[in-house]
There are 2 protein chains.
Amino acid sequence: MKNPIENLNKAFDSRVRLGIMSAVMVNDEVNFNQLKELIQVTDGNLASHIKALEEIGYVKVNKGFIGRKTNTTYAATKAGEKAFKLHLEALEQMIKSTK
Amino acid sequence: MKNPIENLNKAFDSRVRLGIMSAVMVNDEVNFNQLKELIQVTDGNLASHIKALEEIGYVKVNKGFIGRKTNTTYAATKAGEKAFKLHLEALEQMIKSTK
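An unreviewed UniProt entry annotates chain A as Transcriptional regulator of Panacibacter ginsenosidivorans.

Draft legend 1. Structural view of the packing of aromatic side chains. Residue and element names in this part refer to chain A. Under the defined criterion, the tally for this structure stands at four aromatic pairs over all chains. Consider the rings of Phe12 and Phe84, whose centres lie 5.2 Å apart with planes at 80°: the pair is edge-to-face. With Phe12 in the segment before helix 1 (15–26) and Phe84 in helix 4 (residues 78–97), this residue pair connects regions lying 72 residues apart in the sequence. What makes Phe12 buried here is its relative accessible area of 2%. Counting every residue linked through ring pairs, the aromatic cluster contains Phe12, Tyr58 and Phe84.

Draft legend 2. Just the relation of the copies chain A and chain B, in detail. For these two chains of identical sequence, chain A goes onto chain B by a turn of 180° and a shift of 0.0 Å along the axis, with RMSD 0.0 Å. Taken together, the turn and the small shift mark the pair as related by a two-fold rotation axis. Every residue of chain A has its C-alpha some distance from the rotation axis, and the shortest such distance is that of Asp13 of chain A, at 3.0 Å.

Draft legend 3. Main features of helix 2 (residues 32–39) of chain B. Residue and element names in this part refer to chain B. Of all the residues in helix 2, the buried ones are Phe32, Leu35, Leu38 and Ile39. Across the axial projection of helix 2, the buried residues extend over an arc of 135°, all falling on one side. Every exposed residue of helix 2 that faces more than 90 degrees away from the buried side is listed here: Asn33 and Glu37. Of the residues flanking the end of helix 2, it is Gln40, one or two places downstream, whose phi is positive at about 60°.

Draft legend 4. Here's a closer look at the pairing of strand 3 (residues 69–76) of chain A. Residue and element names in this part refer to chain A. Looking at chain direction, strand 1 (residues 30–31) and strand 3 are connected through two bridges and run antiparallel. Along strand 3, the bridge assignment pairs Asn31 with Thr73. As paired strands, strand 2 (residues 59–66) and strand 3 are joined by eight bridges and run antiparallel to one another. Counterpart to Val61 in the pairing with strand 3 is Tyr74.

Draft legend 5. Structural detail: the pattern of salt bridges. Enumeration over the complete set of coordinates arrives at ten salt bridges over all chains. Of the charged contacts in the structure, one is a salt bridge between Asp13 of chain B and Arg15 of chain A, with a shortest N-O distance of 2.8 Å. Taken together, the positions of Asp13 of chain B in the segment before helix 1 (15–26) and Arg15 of chain A in helix 1 put the pair across two chains. The exposure class of Arg15 of chain A is buried, given its relative accessible area of 18%. For Lys51 of chain A, the salt bridge is made with Glu55 of chain A, and the minimal N-O distance between the two is 3.1 Å. With Lys51 of chain A and Glu55 of chain A both in helix 3 (residues 43–56) and four residues apart, this pair spans about one turn of that helix. Here the two residues Lys51 of chain A and Glu55 of chain A agree in accessibility, since each one is exposed.

Basis of the calculations
Residues numbered from 1 in each chain as written. Chains lettered and ligands numbered in written order. Predicted model: local features only at pLDDT ≥ 70, side-chain atom pairs only at ≥ 80, totals over all residues. Heavy atoms only, no water. Phe/Tyr/Trp six-rings, centres within 6.5 Å; stacked < 30°, edge-to-face > 60°. Helix = DSSP H or I, 4+ residues; strand = E, 2+ residues; numbered from the N terminus. Buried < 20%, exposed > 50% of the residue type's maximum accessible area, 1.4 Å probe, protein only. Least-squares fit on C-alpha atoms with pLDDT ≥ 70 in both. Arc of directions from axis to C-beta. Pairing = 2+ DSSP bridges. Salt bridge = Lys/Arg side-chain N within 4 Å of Asp/Glu carboxyl O.

If you want it as structure tokens, here you go:
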């Protein structure tokens, strides 16, 4: 048996990060409340995982305004898209290895 | 977009646990050194994740002997098999949602 977790990326070692990346992969950008509602996590939990993904360079933060209200949105970086695709491929390999 | 991580199981929120479960799903039983070699992790890291999976009831520990040497092996419980299969299905759903 080959190492089933060989190419899995430690940066995605949490359901919340998988959820954030899934959302920014299929949407050009998403705001905090959209993410929170989608993934059903607390503000603090979501904020800490977004920050980690931003620090790694997989998610970029855009601080904009809607009228006079701040509207912070998140999008995948090219590096984030590439890394997450590789992670999903590695997950698919692992799933195949158990069948 | 549906919640991409809705059915993901928090107990499998780490690559090491994914590796342990993959191994015990395709082998009747595996010993510590086989797991360590397969997943390429430190003794301490592996031991703590096995203990957690055992406490949750997903892995069972068999303490046997080979000659006079102790030989501890690990196997998936029925509950562990069921939970991991559901987790893999949820991962497949998440992967599909990003395509």
